[in-house]
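Tertiary structure, described
The residues making up each chain are set out below.
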Amino acid sequence: RCSALTGLKLPDSVMGIGDYAFSGCGNLTDVAIPDSVTSIGQDVFEDSPHVVIRCWEGAEADQYCTENGIAAEYF
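It is worth spelling out the sheet that holds strand E5 (residues 52–55) at this point. An order of E1-E3-E5-E6 is seen for the four strands of this open sheet, with the pairing classed as parallel. Here the strands that pair on one side only, and so sit at the sheet edges, are strand E1 (7–9) and strand E6 (71–74). When strand polarity is set aside, the average angle formed by the axes of neighbouring strands in this sheet is 20°. In this sheet, E6 lies alongside E5 in parallel orientation, the contact comprising four bridges. Within E6, the residue paired with Ile53 across the bridge is Ala72.

The rules behind each value
- Residues numbered from 1 in each chain as written.
- Predicted model: local features only at pLDDT ≥ 70, side-chain atom pairs only at ≥ 80, totals over all residues.
- Heavy atoms only, no water.
- Pairing = 2+ DSSP bridges.
- Helix = DSSP H or I, 4+ residues; strand = E, 2+ residues; numbered from the N terminus.
- Axes fitted to C-alpha atoms, helices over the stretch in contact; angles between N-to-C directions.

Following this line, the structure appears as structure tokens:
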């Protein structure tokens, strides 16, 4: 629930994102997720209606975007 957060780039050392990790971050628009992330919890971007995920095509983040109706852009 960090309204000041507008973007973030996760480092390659991150392997997973927990449930609701960025939920309520209503101003979040740009998130870069590396292909090292192999698990993403539920409702991670809940209440972040303008978020766009930058990720590798076919990666876990790409699948998460498809399953949850989140816009994706590819590296």
